[in-house]
Amino acid sequence: MINRILIVGFGSIGKRHLDLARALHPLAEIAILRHQGHSTIPEGADHVFSNMSEALVFAPKLAVISNPATFHLSSAIPLAEAGVHLFIEKPLSASSEGVKDLVEACKKANIALGVGYNLRFLKSLQKFKTMLDNQIIGKVWSVRSEIGQYLPSWRPGSDYRKSVSAQHKLGGGALLELSHEIDYLRWIFGEVDWVQAILTQQSDLEVDVEDTAHLVLGFCADVNERALVASVNLDFIRQDTVRLCTSIGKLGSLRWNGIAGTVELWAAGECGWQEIYKDQPTRDVSYAAEWQHMISCIEQETQPMITCEDGLKVLQIIDSARLSSKIKSQVEIGSDNEL
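Heads up: these notes are all about the structure in this document. Here the structure is a predicted model, which means the values were calculated and not measured.

## So, the environment of Gly272
Then step 1. Mapped onto the elements, Gly272 comes out in the loop between strand S13 (262–267) and strand S14 (274–278).
Then step 2. Once the C-alpha coordinates of Gly272 and Val331 are considered, the two residues, 59 residues apart in sequence, prove to be 38 Å apart.
Then step 3. Once you skip the residues sitting within four places of it in the chain, Gly272 turns out to touch Leu265 and Trp266.

Below, the structure is given as structure tokens:
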């Protein structure tokens, strides 16, 4: 069924998607849409276009939106209106403004739309969620989530100052670029009710975006329960790369290490961590899994696990975090306050 594939944007993530698309669909026609006007056809592709009109004439079955976040909606909406299934790299956009137009376009055209929060496809994170759901540490009382990596080391051989991550106009900054953490916390612990945030530029990196974001998230609670609170730390400045989530509960603590692919338990009454699961991921394993999932959804006419609505919820939390940092106060998610 997937005989024509369009990849919009050809940075590092666009190149990864081309490799995956070609490996999974060796006979498909694959086109690249590059607005910078390149005429050279990349290895593994069949066509290169410089404008959306050419891409629409190509009539792809599936389009991967992997250009900068500030251009996601302007690229995705015309394709959705043309009935093209969409896979949009995270974040869904640079803010929640205009996203509902995309939601409506997808519903009207009856197409599948998936969002690229690929961490949900890691077996170790899935195991972490299952164990929490099964109450291995009883009721969860508190959560600590952190991700940190030094921005200049992200893409060796390239100038970090020219990257999407470093530029406000392209949707950069720690909050958007590292929004995986917000997505998986929603997935595991439910809807977020409020946020309090501090967004700062702490380092001497040559960027015009926040390099550090400290968030406190308050989750929605049942009538008779205390609301769960999570602290979330995101940064571009940490030399020791880390991705951790620690859940603290009545019966102990459970810790996910996204770099090592491990889940560890510190049971009540014990004096150390016990590794209870390990599946260290290879470079592309989660990306390949989300591709296979997306293709299955198109073939079976079902919606992907990570929907446009999920992407919008993350952006609403991000918008509220920005406002919270500006006014130095707690903000309810989806409030009508203006930035």
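## So, the side chain of Arg34
Then step 1. Mapped onto the elements of the fold, Arg34 is located in the loop between strand S2 (29–33) and strand S3 (47–49).
Then step 2. Buried and without a salt bridge, Arg34 has Glu54 as its closest oppositely charged side chain, separated by 12 Å.
Then step 3. The residues touching Arg34, leaving out its near neighbours within four places in the chain, are Phe10, Val48, Phe49 and Ser50.

## Quick word on the nonpolar core
Then step 1. With 81 residues, the main nonpolar core has Leu86, Leu102 and Leu215 as its most contacted residues.
Then step 2. Here the element with the most residues in this core is helix H9 (residues 308–327); it accounts for 7 residues.
Then step 3. By size, the runner-up hydrophobic cluster in this structure holds 22 residues, among which are Ile2, Ile5, Ile7 and Ile32.

## A short note on unusual backbone geometry
Then step 1. In the segment running from Lys90 into Pro91, the intervening peptide bond is cis, with an omega of -15°.
Then step 2. Along the polypeptide, Pro91 turns up in the loop between strand S5 (85–89) and helix H4 (99–109).
Then step 3. Of note in the backbone geometry, Asn110 takes a positive phi value of approximately 55° without being a glycine.
Then step 4. Within the fold, Asn110 resides in the loop between H4 and strand S6 (113–116).
Then step 5. Given a relative accessible area of 65%, Asn110 falls into the exposed group.

## Overview of the layout of surface pockets
Then step 1. The calculated volume of the largest pocket comes to roughly 1900 Å³.
Then step 2. As for the largest pocket, its lining consists of 50 residues, of which Ser12, Ile13, Trp154, Arg155 and Tyr287 are closest to the centre.
Then step 3. Looking at the lining of the largest pocket, the elements that each hand over two or more residues are helix H1 (12–24) and helix H8 (285–300).
Then step 4. Sorting elements by how many residues they give to the lining of the largest pocket places H1 first, with 4 residues.
Then step 5. Among the residues forming the lining of the largest pocket, the class breakdown is 19 nonpolar, 20 polar and 11 charged.

## A closer look at H4
Then step 1. Taken together, the buried positions of H4 are occupied by Val99, Leu102, Val103, Ala105 and Cys106. Relative to the axis of H4, the buried residues are bounded by an arc of 165° and lie together on one face. Along H4, the residues that are exposed and aim more than 90 degrees away from the buried face are Lys100, Asp101, Lys107 and Lys108.
Then step 2. Contact partners of the buried residues in H4: helix H3 (72–81), S5, S6 and H9.
Then step 3. Downstream of H4 by a residue or two, Asn110 has a phi angle that is positive, lying close to 55°.

## Quick look at the pairing of strand S7 (residues 140–148)
Then step 1. Of the pairings in the sheet, the one linking S7 to strand S11 (residues 242–249) comprises 8 bridges and is antiparallel in character. By the bridge assignment, Gly148 is partnered in S11 with Val242.
Then step 2. Looking at chain direction, S7 and strand S10 (residues 229–235) are connected through 7 bridges and run parallel. Note on S10: the bridge partner recorded for Glu146 is Asn233.

## Observations concerning the pairing of S11
Then step 1. Counting buried positions along S11 yields 7 of 8 residues, so the element is predominantly enclosed.
Then step 2. Across 6 bridges, S11 lies against strand S12 (residues 252–257) in antiparallel orientation. The partner of Ser247 across the bridge, within S12, is Leu254.
Then step 3. Where S11 folds back on S12, the antiparallel hairpin that results is connected by 2 residues.

## Things to note about empty space enclosed by the protein
Summary: where empty space remains is shown by rolling a probe the size of a single water molecule over the atoms.
Then step 1. This model, assessed by the stated rule, comprises 2 cavities of 30 Å³ or more.
Then step 2. Taken as a whole, the largest cavity spans an internal volume of roughly 50 Å³.
Then step 3. For the largest cavity, the full set of lining residues is Phe87, Gly114, Val115, Phe121, Glu290, His293, Met294, Pro304, Met305 and Ile306.
Then step 4. The set of elements that each furnish at least two residues to the lining of the largest cavity consists of S6 and H8.
Then step 5. Of the residues forming the lining of the largest cavity, the biggest block, 3 residues, is contributed by H8.

## A short note on the packing of aromatic side chains
Then step 1. By the definition in use, this model includes 5 aromatic pairs.
Then step 2. Measuring from ring centre to ring centre gives 6.0 Å for Phe189 and Phe219, while their planes differ by 65°; the resulting arrangement is edge-to-face. Taken as a pair, Phe189 in helix H7 (residues 180–189) and Phe219 in strand S9 (residues 212–219) lie far apart in primary sequence, 30 residues in all. Judged on exposure class, the residue Phe189 and its partner Phe219 are both buried.
Then step 3. Ring geometry for Trp266 and Trp273: centres 5.6 Å apart, planes at 90°, overall edge-to-face.
Then step 4. Relative accessible area serves as the criterion here: at 31%, Trp273 is assigned to the partly exposed category.
Then step 5. Between the NZ or CZ atom of Lys129 and the centre of the ring of Trp187, over which it lies, the distance is 5.5 Å.
Then step 6. Sitting over the face of the ring of Trp273, Arg255 holds its NZ or CZ atom 4.0 Å from the ring centroid.

Definitions and limits used
- Residues numbered from 1 in each chain as written.
- Predicted model: local features only at pLDDT ≥ 70, side-chain atom pairs only at ≥ 80, totals over all residues.
- Heavy atoms only, no water.
- Helix = DSSP H or I, 4+ residues; strand = E, 2+ residues; numbered from the N terminus.
- Contact = heavy atoms within 4.5 Å.
- Buried < 20%, exposed > 50% of the residue type's maximum accessible area, 1.4 Å probe, protein only.
- Lys, Arg positive; Asp, Glu negative; His and termini not counted.
- Salt bridge = Lys/Arg side-chain N within 4 Å of Asp/Glu carboxyl O.
- Core = buried A, V, L, I, M, F, W, Y, C linked by side-chain atoms within 4.5 Å.
- 1 Å grid on protein atoms, 1.4 Å probe; cavity = no way out; pocket = protein on both sides within 12 Å on 5 of 7 lines; lining within 4 Å.
- Points joined across faces, edges and corners; volume = space filled by probe spheres on them.
- Nonpolar A, V, L, I, M, F, W, Y, C, P; charged D, E, K, R; others polar.
- Arc of directions from axis to C-beta.
- Pairing = 2+ DSSP bridges.
- Phe/Tyr/Trp six-rings, centres within 6.5 Å; stacked < 30°, edge-to-face > 60°.
- Lys NZ or Arg CZ within 6 Å of the ring centre and 35° of its normal.

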